[in-house]
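# Topology and contacts: notes
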There are 2 protein chains.
Amino acid sequence: MAVENIAKALGDESRRKIIELLKEGELPATAIFDQFEYAAPTISRHLSVLKDAGLVSTRRNGVFIYYSLEKDALRQLDEWLSPFLPKAKAAPKEKTNSAPKIPKDNPFDKFQSEF
Amino acid sequence: MAVENIAKALGDESRRKIIELLKEGELPATAIFDQFEYAAPTISRHLSVLKDAGLVSTRRNGVFIYYSLEKDALRQLDEWLSPFLPKAKAAPKEKTNSAPKIPKDNPFDKFQSEF
DNA sequence: GTAATAATTAGCAGTATTGTTAAATATATA
DNA sequence: TATATATTTAACAATACTGCTAATTATTAC
């Protein structure tokens with residue numbers, strides 16, 4: 001699934017809470033419903049958004065439908081993020097005032113101000 | 001800023017593209033506008049969403065307003081993700097009210113099916 | 001002062017999202 | 001078959017989002 005859909009799905013508090021509930025393992029929809037004040041159909045639709053984004057999968061066991069986390073989707077988002085993040089968190093941000101570095105052939109060079 | 005706002009801000013293709021444009025360094029708004037087919041005010045509002053989410057910051061230099069990436073915001077999202085991902089290079093961030101720790105006498109245990 | 005450029009804000013329309021309740025579907029069991 | 005439970009789908013209202021154009025603000029140069 002696209003990173004966009006994954007990020008968008010995570011941009012809702014209820015859906016992030018669902019993801020956290022599923023961290024320890026699969027749960028039937030009912031158990032998830034019970035953790036919210038919202039009506040069941042509301043959460044059901046949140047679950048379907050998560051499923052469409054590839055963040056959860058389902059299996060039926062009798063009358064229950066178990067939801068579980070698809071960590072690969074979270075990993076995809078993490079992989080989109082990682083190129084932006086310095087290797088280790090070893091170097092704490094040092095409030096740099098230095099000019100941002102731009103590659104030599106950067107088409108935006110002309111915009112780099114001189115201070 | 002909240003992880004929710006960060007995720008929500010990244011859940012839009014134009015905004016993710018802006019983030020990628022800023023990866024190499026700061027850019028004035030005009031340079032960003034030029035990379036899109038959308039009208040400048042549209043992109044301007046996207047920039048303000050990113051700024052509200054803490055993903056970018058600005059500085060004025062003359063008539064230009066330079067936007068730059070705030071990697072700390074991306075790192076916050078990354079830290080929310082890390083505990084879900086196996087090879088956790090996770091920060092030992094143990095911030096209390098984040099993920100609902102499910103205790104050993106897990107109230108959901110009864111939902112764990114036997115296969 | 002006026003003019004030019006950079007950027008944001010205001011107001012509006014179309015669409016998407018999120019919540020609701022009621023109805024429908026699927027399964028298990030008496 | 002009928003009934004009960006689990007879950008989703010349908011239909012709807014309220015709100016949020018995204019795009020546009022036009023107007024406004026900020027800065028620089030003349």
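Residues numbered from 1 in each chain as written. Chains lettered and ligands numbered in written order. Predicted model: local features only at pLDDT ≥ 70, side-chain atom pairs only at ≥ 80, totals over all residues. Heavy atoms only, no water.

## Points about the pairing of strand β3 (residues 64-69) of chain B
Sheet faces and side chains relate simply in a regular strand, where the side chains alternate between the two faces. All names here are of chain B. Direction of pairing for strand β1 (residues 27-28) relative to β3: antiparallel, over a ladder of two bridges. Bridge assignment links leucine 27 to a residue of β3, and that residue is tyrosine 67. Here strand β2 (residues 56-61) pairs with β3 via six bridges, running antiparallel. Residue pairing across strands places serine 57 opposite serine 68, the latter belonging to β3. Where β2 folds back onto β3 in an antiparallel hairpin, the turn is made up of two residues, including glycine 62, whose phi is positive at roughly 65°. (Pairing = 2+ DSSP bridges. Helix = DSSP H or I, 4+ residues; strand = E, 2+ residues; numbered from the N terminus.)

## Section: the environment of Ser57(B)
Residue and element names in this part refer to chain B. Structurally, serine 57 is set in strand β2. Along the backbone, serine 57 and leucine 47 are 10 residues apart, and their C-alpha atoms lie at a distance of 9.4 Å. Not counting chain neighbours up to four residues away, the residues in contact with serine 57 comprise Tyr66, Tyr67, Ser68 and Glu70. (Contact = heavy atoms within 4.5 Å.)

## Focus on the side chain of Arg16(B)
As for its position among the elements, Arg16(B) is in helix α2 (residues 13-21). Apart from the residues lying within four places of it in its own chain, the contact partners of Arg16(B) are Val3(A), Glu4(A), Trp80(A) and Leu10(B).

## As for the sheet that holds strand β1 (residues 27-28) of chain A
Spatially, β1-β3-β2 (chain A) is the arrangement adopted by the three strands of the open sheet, whose pairing is antiparallel. Pairing within the sheet leaves two strands with one partner each, and these edge strands are β1 and β2 (56-61) of chain A.

## Some thoughts on the packing of aromatic side chains
Enumeration over the complete set of coordinates arrives at four aromatic pairs over all chains. Ring geometry for Phe64(A) and Tyr66(A): centres 6.3 Å apart, planes at 55°, overall tilted. Under the relative-accessibility criterion, Phe64(A) is labelled partly exposed at 34%. Taken together, a centroid distance of 5.1 Å and an interplanar angle of 45° make the contact between Trp80(A) and Phe84(A) tilted. Since its relative accessible area comes to 13%, Trp80(A) is described here as buried. Judged by its relative accessible area of 3%, Phe84(A) falls in the buried class. When the ring centre of Phe36(A) is taken as origin, the NZ or CZ atom of Lys17(A), which lies over that ring, is 4.5 Å away. Its guanidinium or amino end placed over the ring of Phe84(B), Lys23(A) lies 5.5 Å from that ring's centre, counting from NZ or CZ. (Phe/Tyr/Trp six-rings, centres within 6.5 Å; stacked < 30°, edge-to-face > 60°. Buried < 20%, exposed > 50% of the residue type's maximum accessible area, 1.4 Å probe, protein only. Lys NZ or Arg CZ within 6 Å of the ring centre and 35° of its normal.)

## Re the sheet that holds β3(B)
The strands that make up a sheet are held in pairs by hydrogen bonds between backbone atoms, and each pair lies either parallel or antiparallel. With respect to topology, three strands assemble into an open sheet ordered β1-β3-β2 (chain B), the strand pairing being antiparallel. In this open sheet, the two edge strands, each paired with only one partner strand, are β1 and β2 of chain B.

## A look at the protein's contact with DNA strand C
Near DNA strand C lie 22 residues; those nearest to it are Thr42(A), His46(A), Thr30(B), Ser44(B) and Tyr67(B). Protein-proximal atoms of DNA strand C, defined as those within 4 Å of the protein, fall in sugar or phosphate at a share of 64%. One of the side-chain nitrogen or oxygen atoms of Arg45(A) is found 2.8 Å away from a base oxygen of DNA strand C. In the model, a phosphate oxygen of DNA strand C is placed 2.3 Å from a nitrogen or oxygen of the Tyr67(B) side chain. (Near = heavy atom within 4 Å. Polar contact = N/O pair within 3.5 Å; in protein donor to acceptor, adjacent residues only side chain to side chain.)

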